[in-house]
Amino acid sequence: MKTHTQVVVIGGGVVGCSVLYHLTKLGWKDVTLVERDELTSGSSWHAAGGFHTLNGDPNVAQLQSYTVDLYKELEEISGQSCSLHLTGGVMLADTPERMDFLRLAQAKGRYLGMDLELISVSEAKAMFPILDEKHFIGALWDPVEGHLDPSGTTHAYAKAARVNGATVYRHTKVEELVQTPDGTWDVITNKGTIRAEHVVNAGGLWARECGRMVGIELPVLAMEHMYLLTDEMPEVTAHNEATGKELIGVLDFGGEIYTRQEGKGILLGTYEQNCRPWSPRETPWDFGHELLPPDLDRIAPELEVGFEHFPALQNAGIKQIINGPFTFAPDGNPLVGPVRGLRNYWVACGVMAGFSQGGGVGLTLANWMINGDPGYDIWGMDVARYGSWATLSYTNAKVRENYRRRFRIRFPNEELPAGRPHQTTPLYDRMLAQGAVMGDSWGLETPLWFAPQGVEPKDVVSFRRSNDFDAIGAECRAVRESVGITEIANFAKYEITGPGAEGFLSRLMTNTMPKVGRIVLTPMLNTSGKLIGDFTIARAGEEKFYMFGSSQAEITHMRWFEKHLTADGSVAIRALNLGWVGLSVAGPNARKVLAKVTGDDVSGEAFRFMDFREMDVASAPCKVNRISYTGDLGYEIWMAPEYERQVYDALMAAGAEFGIRNFGMRALLSLRLEKNFGTWFREFRPIYGPYEADLGRFVKLSKETFIGKEAARTEFEEGPERRRVTFVVDALDADVMGDEPVWHQGKVIGWITSGGYAHFIGRSLAQGYVPAALAEETGKGAFEIEILGDRRKATLIIEPLFDPKAERMRM
């Protein structure tokens, strides 16, 4: 066995073999995979083998499309058949809400180049004749769906990797991982030790155990999953003989089941409500090519619906029941990427849909390892989207919830309850007592909107305007007309100190750093000149800065910051997490409210727009930014959590004469739309450059250097290919949610990133990206935006509809 190698990939399932293959494809040949048993011994061998391209995250959908296209390449290189069956498939809708969901999916597919078609139930029945039409109202056809041989496909990855120079060791169990002083890894196995520059944890069912070897607890849980195979069915044979084709794949939302042809029978699986975790704390190392005992009683409710929806199944014999474990992350997406704080330790696990996503996971991780960047926007799969708050018990609760909801609709205003409340601020009980409807923001309870007295504080989930509409409107008007207050603890907060602090931040950020007592807004770019951060930076002293950004990206950003720290110790950065909490007071009377609770001079002349100040507020030591995401006169007030209640109470008392009102996150997002402000994860993502995103005014190309500068200069000189724009939409009872296609002269030319109803100005707004040549096409109704299958007229606007000269922020 080798004693040295560039990379050790741990785990011989489809994901580990894909990572191995892609590393060789991109040029690294000295790569080794170790598998404790035979290849596919965990979950891969007993998978149902289905694949599809559609995904709720369009960036993941692109990678799923790549995975499906990859299989023929693997067969050619390896000589190993994947047994591809490209049958196509349909999603069946049994309610108007599920039909709306299919319309959204079709629209999203338009700008991704997917050939999705809404079809009638009778058309679906022609391709899957055993369905009973009376239970359904419509369907979505996707020609790029099918199934394959899981074992053959996994071996195709491994053989193709070996053809390219990789080494595979079977029956080689990793027992310990030790990082040496020079940063390399000793991978200690039952057959000896391999010294490696990089380790990839693709351990599948054992990913947690491989994580624990290096002191981390990965948020993954294995669930038992059952599907059954029927005996031969005459209906299947008759269809094959009459059409010369296989039955298509079918996803039945109402029955929460999936089904397709297998041999001359049917494969039917379900994500049952009575779900069961498998080995929730530790995975036994001696588990291999084994199945779990079947338990038809547990899936009986789903089977009963399935037999009703597909009556021919009632007469079919059951040939085999497969019950095996699959791993899931709390949100059902994979965990991919480098682990913060562990040099050259990578993960590729929690890949529940391995035969739809395995190729994309392998490609992006190999890109990341070799080129320093995944090459795609994979925020939805990045392991850094979870922090230490994603504990074992929290993960188990969320995974069970996700499993039960596998075939259920997630409405845009739907908050899922499992594992909550998890993190709370000192104002949590105060917010609930005042009618707050809370949301989950990176594990933290955050007020979304406030129900009026006598109204139940509960969302009615919908794709259309819902029961929160009037309350959010009242909150927005309170801010614009007088003053409002909201909690902003869900921002990420950082402290950067030391003699090298300014130089460190200047190298990472595109803007120049502020003077003491001032604030700047700045993007952060990767080496390719794409957006990887958007921050507010305040300078508290010559060697001290505070920085504010997206809480969901905190671990991602800390990983990047720590990677670029200088070795001389001249700068230190720490995330403040919930060590700081915050309140935002905004509106034309905000200054009057603040003046009543502080002895400092907060006049417009003494405390200017974009000033930072440390001051006592309600006798509490606070840090105050004169800035507001509402686009109005406003202040962000930061404090230690032990002071939050007294500061909040004092502000509420001081604002009583002005009718101060609580407002939530949904009102804040509505107010920012009126100012054309973008938001991280929607308008600002790693697929966009700063000039595309209309952030060029914060990019100082005159600076000596910053990461991504040359790429940014090229974008500036050549001009962006597309640009972020805002539309006024001729909407009815539904506003955009994000990912809708933008039409121009009968063609899809762009996409929507976010939007909603702007309550103060009374218009439906949307932000998105269009070709740069169309970014100033302001003709009335020159564009259309597809909302729930209906193409609504849209007019592009250049200036924000509220306070276009930004006078309110500076008053």
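Please read these numbers as outputs of a predicted model, since none were measured by experiment.

1. Regarding the overall build of the protein
Counting its regular elements, the protein contains 19 helices and 38 strands. Whereas a compact globule of 811 residues would reach a radius of gyration of roughly 28 Å, the protein reaches 27 Å, a difference of no more than 12%. In terms of its C-alpha atoms, the protein occupies a principal-axis envelope of roughly 80 × 65 × 50 Å. The 811 residues of the protein split such that 62% are buried. Contacts in the protein between residues far apart in sequence, at least 24 positions, make up 72% of those at least 6 positions apart.

2. Overview of the packing of aromatic side chains
Where two aromatic rings form a pair, the distance of their centres and the angle of their planes describe that pair. Counted according to the given criterion, the structure contains 36 aromatic pairs. Between Trp278 and Phe287 the ring centres are 4.7 Å apart and the planes differ by 50°, which places this aromatic pair in the tilted class. As far as burial versus exposure is concerned, Trp278 and Phe287 are alike and both buried. On the basis of an interplanar angle of 70° and a centroid distance of 5.5 Å, the ring pair of Trp389 and Trp442 is categorised as edge-to-face. Remark: Trp442 occurs in the loop between strand E20 (436-441) and strand E21 (444-450) and Trp389 occurs in the loop between helix H9 (354-371) and helix H10 (392-404); sequence separation between them is 53 residues. Just as Trp389 is buried, Trp442 falls in that class too. Connected via pairs of aromatic rings, a cluster forms that spans Phe491, Tyr546, Phe548, Trp580, Phe612 and Trp638.

3. Considering the environment of Ala575
Mapped onto the fold, Ala575 is located in strand E27 (residues 572-575). C-alpha separation for the pair Ala575 and Met558, spaced 17 residues apart in sequence, amounts to 7.6 Å. Those residues in contact with Ala575, other than ones at most four positions away along the chain, are Lys493, Tyr494, Glu554 and Met558.

4. Focus: the packing of helix H5 (residues 150-163) against H9
Two elements in contact, H5 and H9, have axes whose closest approach is 12 Å; the angle formed by their N-to-C orientations is 10°. What the angle tells us is that H5 and H9 run roughly parallel. Contacts between H5 and H9 involve Pro150, Thr153, Thr154 and Tyr157 from the first element and Phe355, Gly358 and Gly359 from the second. By residue class, the composition of the contact of H5 with H9 is three nonpolar, four polar and no charged.

5. Quick word on the sheet that holds strand E38 (residues 790-797)
As summarised here, the arrangement of the six strands in space is E33-E36-E35-E34-E37-E38, forming a closed barrel in which the pairing is antiparallel. Neighbouring strand axes in the sheet, compared pairwise and without regard to direction, differ in orientation by 45° on average. In the packing of helix H17 (residues 665-673) onto the sheet, contacts are made with strand E35 (747-758) and strand E36 (763-771), and the angle to E35 comes to roughly 125°.

6. Observations concerning the packing of helix H12 (residues 469-481) against H17
Axis separation between H12 and H17 bottoms out at 9 Å; the angle between their running directions is 60°. Our classification of the angle between H12 and H17 gives oblique. Crossing of H12 over H17 shows right-handed handedness. Here Ile472, Glu475, Cys476, Val479 and Arg480 of H12 come into contact with H17, specifically with Arg666, Ala667, Ser670 and Leu671.

7. Comments concerning the side chain of Arg685
Its location among the elements puts Arg685 in the loop between H17 and helix H18 (709-718). Engagement of the side chain of Arg685 in a polar contact is seen with the side chain of Asp377, the distance being 2.3 Å. A polar atom in the side chain of Arg685 sits 3.2 Å from the backbone oxygen of Phe681. Residues within four places of Arg685 in sequence aside, it is in contact with Asp57, Asn59, Asp377, Trp379, Leu531 and Trp680.

8. Some points on helix H7 (residues 234-243)
Inspection of H7 places Val236, His239 and Asn240 among the buried residues, and these make up the whole buried set. Projected onto a plane normal to the axis of H7, the buried residues spread over an arc of 100° and lie on a single side. Away from the buried face of H7 by more than 90 degrees, exposed residues Pro234, Glu241 and Ala242 are located. Its buried side turned inward, H7 meets helix H4 (121-127), strand E14 (257-262) and strand E15 (265-270). Among the residues trailing H7, Gly244 stands out with phi positive, at a value near 70°.

9. Describing the nonpolar core
Soluble, globular proteins show a tendency: their nonpolar side chains are buried together. With 74 residues, the main nonpolar core has Val9 and Leu23 as its most contacted residues. With near-sequence residues (within four places) excluded, Val9 lies in contact with Gly16, Val19, Leu20, Leu23, Thr32, Leu33, Val34, Val200 and Ala202. Listed in part, the 36 residues of the second largest apolar core include Met431, Ala489, Val617 and Ala654.

10. Observations regarding the pattern of salt bridges
This structure, assessed with the given rule, holds 50 salt bridges. Here Arg645 and Asp429 are joined by a salt bridge, their closest N and O atoms 3.0 Å apart. Taken together, the residues Arg645 in helix H16 (residues 644-655) and Asp429 in helix H11 (residues 428-433) connect sequence positions 216 residues apart. Under the relative-accessibility criterion, Asp429 is labelled partly exposed at 41%. The partner of Lys623 in a salt bridge is Glu614, and the shortest N-O contact between them spans 2.5 Å. Of the residues examined, Glu614 reaches a relative accessible area of 43% and is grouped as partly exposed. Via salt bridges that share partners, Glu224, Glu272, Arg276, Asp295 and Arg298 belong to a single interconnected network.

Conventions adopted
Residues numbered from 1 in each chain as written. Predicted model: local features only at pLDDT ≥ 70, side-chain atom pairs only at ≥ 80, totals over all residues. Heavy atoms only, no water. Helix = DSSP H or I, 4+ residues; strand = E, 2+ residues; numbered from the N terminus. Rg over C-alpha atoms; globule rule 2.2 N^0.38 Å. Buried < 20%, exposed > 50% of the residue type's maximum accessible area, 1.4 Å probe, protein only. Contact = heavy atoms within 4.5 Å. Phe/Tyr/Trp six-rings, centres within 6.5 Å; stacked < 30°, edge-to-face > 60°. Axes fitted to C-alpha atoms, helices over the stretch in contact; angles between N-to-C directions. Parallel < 35°, antiparallel > 145°, perpendicular 65-115°, else oblique. Nonpolar A, V, L, I, M, F, W, Y, C, P; charged D, E, K, R; others polar. Pairing = 2+ DSSP bridges. Left-handed = near helix turned anticlockwise from the far one by under 90°. Polar contact = N/O pair within 3.5 Å; in protein donor to acceptor, adjacent residues only side chain to side chain. Arc of directions from axis to C-beta. Core = buried A, V, L, I, M, F, W, Y, C linked by side-chain atoms within 4.5 Å. Salt bridge = Lys/Arg side-chain N within 4 Å of Asp/Glu carboxyl O.

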